[in-house]
Amino acid sequence: MAFVPLLLAGGGGMPMFGRTPKGVPKDPYGDGVWLSRRQYRLERNGTPEQWRERAGFALRRAVAQGSQEPDGKISLPVSAYRGLGIEGLDELAGALGRRLDRQLLRFGEVALEPVPPPPGAACR
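Peer 1: How do you make sense of the nonpolar core when you look at a structure like this?
Peer 2: One broad trend across soluble globular proteins is that nonpolar side chains are buried collectively. Residues A55, L59, L76, Y81, L89, V110 and L112 are the most contacted members of the largest nonpolar core, which totals 18 residues. Contributing elements (two or more residues each) for this core: α3 (48-65), β1 (74-77), α4 (85-95) and β3 (109-114). Counting residues per element, this core draws most heavily on α3, at five residues.

In structure tokens form, the structure reads like this:
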């Protein structure tokens, strides 16, 4: 019985399936099934700047992990950008060479695709 409160008070951060690949940044807000203390405080009364920081960590982590899709798309759970909003996330993604795939907006997560280079950019 004492084990359950220990798990809940532990702060999360344990990946759901296996270990994080080498070279992928650790998410300070937790990347596991359990809600970390930091994520809980953010959910309760996080500022827009804190949400921007949170979404930036999650986005950089998703880009570093790479895509499982052949077209290079990655997904991000709503818990990573909820307080920032879609437009704020799109702005952050643009700085990393990504953009929202507005055709694939789903409940619970959003898909981001690589921004294609402008026509003629590779012809130098």
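Next comes the rest of the description.
Peer 1: Sorry, what's going on with the packing of helix α2 (residues 37-45) against α3 here?
Peer 2: A packed helix pair is summarised by two numbers, namely the angle formed by the two axes and the spacing between the axes. At a minimum axis separation of 10 Å, α2 and α3 run at an interaxial angle of 140 degrees. In terms of orientation, α2 lies oblique with respect to α3. Two packed elements cross with a definite hand, and for α2 against α3 that hand is left-handed. Counted together, R38, Q39, L42, E43 and N45 of α2 and Q50, W51, E53 and R54 of α3 form the full contact between these two elements. Its residues assigned to classes, the contact of α2 with α3 shows two nonpolar, three polar and four charged.

Peer 1: Explain the pattern of salt bridges here, please?
Peer 2: Here the idea is simple: oppositely charged side chains can pair when their charged atoms come close. On inspection of all chains with the given rule, the structure shows five salt bridges. Linking R52 and E91 is a salt bridge whose minimum nitrogen-to-oxygen distance equals 3.8 Å. Of this pair, R52 sits in helix α3 while E91 sits in helix α4, and the two are 39 residues apart along the sequence. Note on E91: relative accessible area 54%, which makes it exposed. Note that R99 and E113 form a salt bridge whose closest N and O atoms lie 2.9 Å from each other. Placement of the pair is R99 in strand β2 (residues 98-100) and E113 in strand β3, with a sequence separation of 14 residues.

Criteria and thresholds
Going along each chain's sequence as written, the residues are numbered from 1 onward. Local features in this predicted model are restricted to residues of pLDDT 70 or higher, and side-chain atom pairs are both shown and tallied only at a pLDDT of 80 or more, whereas totals for entire chains, interfaces and linings draw on every residue. As a rule here, side-chain values come from all non-hydrogen atoms in the structure, and water together with hydrogens is ignored. Only buried residues count toward a nonpolar core. Its members are Ala, Val, Leu, Ile, Met, Phe, Trp, Tyr and Cys residues joined through side-chain atoms within 4.5 Å. Exposed residues in this analysis have more than 50% of their type's maximum accessible area, buried residues have under 20%, and partly exposed residues fall in between, with area computed by a 1.4 Å probe over protein chains only. Secondary structure elements follow DSSP: runs of H or I no shorter than four residues count as helices, runs of E no shorter than two count as strands, and numbering proceeds from the N terminus. Axis lines are fitted through C-alpha atoms, for helices just across the contact stretch, and the angle between N-to-C directions can take any value from 0 to 180 degrees. Any angle that is under 35 degrees is reported as roughly parallel, and any over 145 degrees as roughly antiparallel; angles of 65 to 115 degrees are reported as roughly perpendicular and all others as oblique. Left-handed describes a crossing in which the near helix is turned anticlockwise from the far one by less than a right angle; the clockwise case is right-handed. Every residue pair with non-hydrogen atoms within 4.5 Å of one another is taken to be in contact. Ten residue types, Ala, Val, Leu, Ile, Met, Phe, Trp, Tyr, Cys and Pro, are classed as nonpolar, four, Asp, Glu, Lys and Arg, as charged, and the remainder, Gly among them, as polar. By definition, a salt bridge exists where a carboxyl oxygen of Asp or Glu is found within 4 Å of a side-chain nitrogen of Lys or Arg.

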